[in-house]
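# Coordinates in review
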Amino acid sequence: MIFPKTIDNSYNGNKLPLYLFYLLTTVTIGRSLVHMFAPDGGAQSIATIPLDSYSVEAANVVIHIFAEWGLTQLLFGVLYAIVLWRYKSLIPLMYLFIFIEYTGRLLLTMYKPIILDGTAPGGVGNYIMIPLALIMLVLSLQKTKKNA
């Protein structure tokens, strides 16, 4: 169930979404730290935003926004870690959130496009994460024979 009546550490779905969630948690925390602590917040070095063509002030604003985004990602990563540690019954809900987040990112990129010097990994990741999160959501809701 996406909204379990009891929130506990039991997980009864397919094991693949559980194992992948460990990886997603690690990547989310790692990515957040890059955005917070890299000199350019990952804006140019990773996302290929041409900061060197901006004024210093404009570049600093973008770097600051990336750092704030990193803080938000860190909070999500910590939430994911708490779910893995104590509340695994919420894993389907987390996959729903991941699906909504990446779908929203893609839609926002279409609605408010930006000029990049290359292909940002996050842009490619949106196309991967949307169907992957949906598949993991479905699999996480399927009771295994052992747990049926």
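Bear in mind the structure is a predicted one, so any value in this text is a computation, not a measurement. (Residues numbered from 1 in each chain as written. Predicted model: local features only at pLDDT ≥ 70, side-chain atom pairs only at ≥ 80, totals over all residues. Heavy atoms only, no water.)

## Here's the deal with helix α4 (residues 121–141)
- With 21 residues, α4 should reach 30 Å at 1.5 Å per residue; the first-to-last C-alpha distance of 29 Å fits that figure.
- Those residues of α4 that sit buried are Gly125, Asn126, Met129, Ile130, Ala133, Met136, Leu137, Leu139 and Ser140.
- Turning to α4, the residues buried within the fold contact α1 (15–37) and α3 (91–111). (Helix = DSSP H or I, 4+ residues; strand = E, 2+ residues; numbered from the N terminus. Expected span 1.5 Å × (residues − 1). Buried < 20%, exposed > 50% of the residue type's maximum accessible area, 1.4 Å probe, protein only. Contact = heavy atoms within 4.5 Å.)

## Quick notes on the layout of surface pockets
- For the largest pocket, the calculated volume is near 1,200 Å³.
- Within the residue set of the lining of the largest pocket, elements represented by two or more residues are α1, α2 (56–86), α3 and α4.
- Every residue lining the second largest pocket is counted, 14 residues in all, and those nearest its centre are Met1, Ser10, Asn12, Ser89 and Lys143.
- Split into classes, the residues belonging to the lining of the second largest pocket amount to 5 nonpolar, 7 polar and 2 charged. (1 Å grid on protein atoms, 1.4 Å probe; cavity = no way out; pocket = protein on both sides within 12 Å on 5 of 7 lines; lining within 4 Å. Points joined across faces, edges and corners; volume = space filled by probe spheres on them. Nonpolar A, V, L, I, M, F, W, Y, C, P; charged D, E, K, R; others polar.)

## Some points on the packing of aromatic side chains
- Under the defined criterion, the tally for this structure stands at 4 aromatic pairs.
- When the centroid spacing of 5.1 Å and the interplanar angle of 55° are considered together, the rings of phenylalanine 21 and tyrosine 80 count as tilted. Taken as a pair, phenylalanine 21 in helix α1 and tyrosine 80 in helix α2 lie far apart in primary sequence, 59 residues in all.
- The buried category is assigned to phenylalanine 21, whose relative accessible area is 0%.
- Measuring from ring centre to ring centre gives 5.6 Å for phenylalanine 21 and tyrosine 95, while their planes differ by 65°; the resulting arrangement is edge-to-face. (Phe/Tyr/Trp six-rings, centres within 6.5 Å; stacked < 30°, edge-to-face > 60°.)

## Some details on the packing of α1 against α4
- The contact between α1 and α4 brings their axes to 9 Å, and the two run at 135°. Overall, the two elements α1 and α4 adopt an arrangement that is oblique. Seen from above, α1 lies across α4 with left-handed handedness. Only Met129, Leu132, Met136, Leu139 and Ser140 of α4 make contact with α1, whose side of the interface consists of Leu16, Pro17, Leu20 and Leu24.
- Among the residues forming the contact of α1 with α4, the class breakdown is 8 nonpolar, 1 polar and no charged. (Axes fitted to C-alpha atoms, helices over the stretch in contact; angles between N-to-C directions. Parallel < 35°, antiparallel > 145°, perpendicular 65-115°, else oblique. Left-handed = near helix turned anticlockwise from the far one by under 90°.)

## So, the pattern of salt bridges
- Scanning all chains against the criterion turns up 1 salt bridge.
- Here glutamate 101 and arginine 105 are joined by a salt bridge, their closest N and O atoms 2.6 Å apart. Taken together, the residues span about one helical turn, with glutamate 101 and arginine 105 both in helix α3 at a distance of 4 residues.
- A residue is classified by how much of its surface remains accessible, and glutamate 101, at 26% relative accessible area, is partly exposed.
- According to the relative accessible area criterion, arginine 105 is buried, its value standing at 16%. (Salt bridge = Lys/Arg side-chain N within 4 Å of Asp/Glu carboxyl O.)

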